[in-house]
Amino acid sequence: MSIIFSGIQPSGNLTLGNYLGALRNFSKIQAGNECYYCVVNQHAITVPQDPKMLHERTRQLAAIYIASGLDPEQSTLFVQSEVPEHVQLGWIMTTLSYVGELERMTQYKDKASKRGDSIPAGLLTYPPLMAADILLYQTNYVPVGDDQKQHLEITRNLAQRFNRVYGDVFTIPDIYLGHDGTRVMSLQEPTKKMSKSDDNTTATIYLLDNPKDIEKKIKRAQTDSENSVHYDVEQKPGISNLIEILSAMTDQTHDEITAAYADKGYGAFKKDVADAVISTLEPIQQRYQQLVGDPELDDILEKGAAKAHAKANVTYDKVCHAMGLYRK
Ligand code: TYM
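Below you will find a few notes about this structure. (Residues numbered from 1 in each chain as written. Predicted model: local features only at pLDDT ≥ 70, side-chain atom pairs only at ≥ 80, totals over all residues. Heavy atoms only, no water.)

### Regarding the overall build of the chain
Alright, step 1. The helix and strand tally for the chain stands at 14 helices and five strands.
Alright, step 2. The C-alpha atoms of the chain give a radius of gyration of 21 Å, which matches the 20 Å a tight globule of 328 residues would have.
Alright, step 3. When each of the 328 residues of the chain is scored for burial, the buried share is 51%.
Alright, step 4. When contacts within the chain are restricted to residue pairs at least 6 apart in sequence, those whose partners lie at least 24 apart make up 77%. (Helix = DSSP H or I, 4+ residues; strand = E, 2+ residues; numbered from the N terminus. Rg over C-alpha atoms; globule rule 2.2 N^0.38 Å. Buried < 20%, exposed > 50% of the residue type's maximum accessible area, 1.4 Å probe, protein only. Contact = heavy atoms within 4.5 Å.)

### Things to note about the state of the cysteines
Alright, step 1. One pass over the structure, following the stated rule, counts zero disulfides.
Alright, step 2. Just so you know, Cys38 is unpaired, no disulfide at all, and the nearest cysteine sulfur is the one on Cys35, 14 Å from it.
Alright, step 3. For Cys38, a relative accessible area of 0% translates into the label buried. (Disulfide = S-S within 2.5 Å.)

### Quick word on unusual backbone geometry
Alright, step 1. The phi dihedral of Asn227 falls on the positive side, at around 55°, and the residue is not glycine.
Alright, step 2. Residue classification places Asn227 among the partly exposed residues on the basis of a relative accessible area of 44%.
Alright, step 3. A positive phi is found at Asp251, a non-glycine position, where the angle reads about 60°.
Alright, step 4. Here Asp251 lies in the loop between α11 (237-250) and α12 (254-260).

What follows is the structure, given as structure tokens:
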């Protein structure tokens, strides 16, 4: 049995990228493992959030976790801000981090470059808080999309650094990439990842999009003029992205898909990609609608926070003792 931890930020409407890169792996690995899945609302505030929206999205994300297959009896679902050990250990991890290594993080550089002189310090100290999330549970595997590799690497470095100085407290976690690390790209700029914070909503398939919108967005997805379905990320990023999406949805290989569309054009291919996306998302959307207003969701999250707190506190206590952060 392994310990699994992952989190998603309630910073926008979830996308097909979040689902294929992360969410669907959460439920695949829950059986037989001890799993913690967190709504990381304190990471979301590293950039400004509207308080009402943040509150609503926190609940919505919890409902999406369950709607996409997480069983709250098997997995612990909770909200980060309800388990204070996250920011407590986050601070300690910040003190172990070097400014230089934080400044070299690509996600920091991307986000900071858009903010001129007003770069929130929390963007820089985002990785040590993420390390704390993971290390508090003595996690073995972290299911995430491949854009999180660098964050996992710094988590491992911080854990090793701590263990070297203060003794063996933390388990060193590994990344878990399902389906060869599916990375879903923007439908309009297919060299850039699909993101919930993209202002161009036609570039993004949201998990709660209705079938008509999904069809429209896929039909209008950027491709090329060759009209030949085959995988070539350099020359054909748009078509390759759609092949990747279909492959992740149907478990067919790229070669099988290429062969199946050898004598068909982009129109037929896009229609099948849209159908595959719609048929996967429809049952999730139906379950989501039932769950989001249900008071049982609050019970689940309260029990989840209590369980997470009990586990996190054991590690946090060891950390404090190892570092001399105690009085008696
Ligand atoms: P976030 O909220 O940006 O994304 C949540 C998960 O979705 C994956 N993902 C993608 N996968 C494939 N293609 C895409 N286009 C795509 N877009 C997003 C991400 O890799 C991620 O797994 N730093 C994390 C949140 C976090 C966390 C943690 C994760 C905070 N603490 C502890 C794991 C463990 C993030 O920004 O995720």
